[in-house]
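The chain contents come next:
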Amino acid sequence: MGKRYFCDYCDRSFQDNLHNRKKHLNGVQHLRAKRLWYDLFRDAAAILQEEQTKKPCRKFLQTGQCDFGSNCRFSHMTEQDLEKLSAQVQVSNPSPSS
């Protein structure tokens, strides 16, 4: 059957040759899965900083759902979520006292 390449990010395999591997590694599905994987290990401070710069997603706030999901360029965090995240950052990075 030949050599096969298994992608851990996408949880799929395909015939391993230069064309197939290059096509897969540059594909939208693979790049999205890889980004989601690395997002699991992001620092709370980095997430907070990114979310604070985004505007709230109106569709998500109105319906609780967004067609874009994790690819949405707007924030899906409520004020309470941001406060919890901010508290988590404060606990993990206490400011030095004078």
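The protein goes by Zinc finger matrin-type protein 5 in an unreviewed UniProt entry, where it is assigned to Limosa lapponica baueri.

Participant: When you look at the domain arrangement of the protein in this model, what are you seeing that I'm missing?
Facilitator: Interface size is commonly expressed as the accessible area that is lost once the parts come together. When cut into domains, the protein gives domain 1 (1-42) and domain 2 (44-92). Taken together, the contact between domain 1 and domain 2 spans four residues of the former and six residues of the latter. Overall, the association of domain 1 and domain 2 removes approximately 450 Å² of surface from exposure, summing both partners, and the carbon and sulfur fraction of that is 35%. If you sort the residues of domain 1 by the area they bury against domain 2, R32, R35 and R42 come out on top, with a joint share of 86%.

Participant: Explanation requested: the side chain of H24 in the structure shown.
Facilitator: Checked against the element boundaries, H24 lands in helix α1 (residues 18-25). What makes H24 buried here is its relative accessible area of 9%. Not counting residues up to four positions away in its chain, the partners in contact with H24 are C7, C10, R12, F14 and H30.

Quick notes on the rules
Residues numbered from 1 in each chain as written. Predicted model: local features only at pLDDT ≥ 70, side-chain atom pairs only at ≥ 80, totals over all residues. Heavy atoms only, no water. Domains from an automatic or database assignment. Contact = heavy atoms within 4.5 Å. Buried area = accessible area lost by both parts, 1.4 Å probe. Helix = DSSP H or I, 4+ residues; strand = E, 2+ residues; numbered from the N terminus. Buried < 20%, exposed > 50% of the residue type's maximum accessible area, 1.4 Å probe, protein only.

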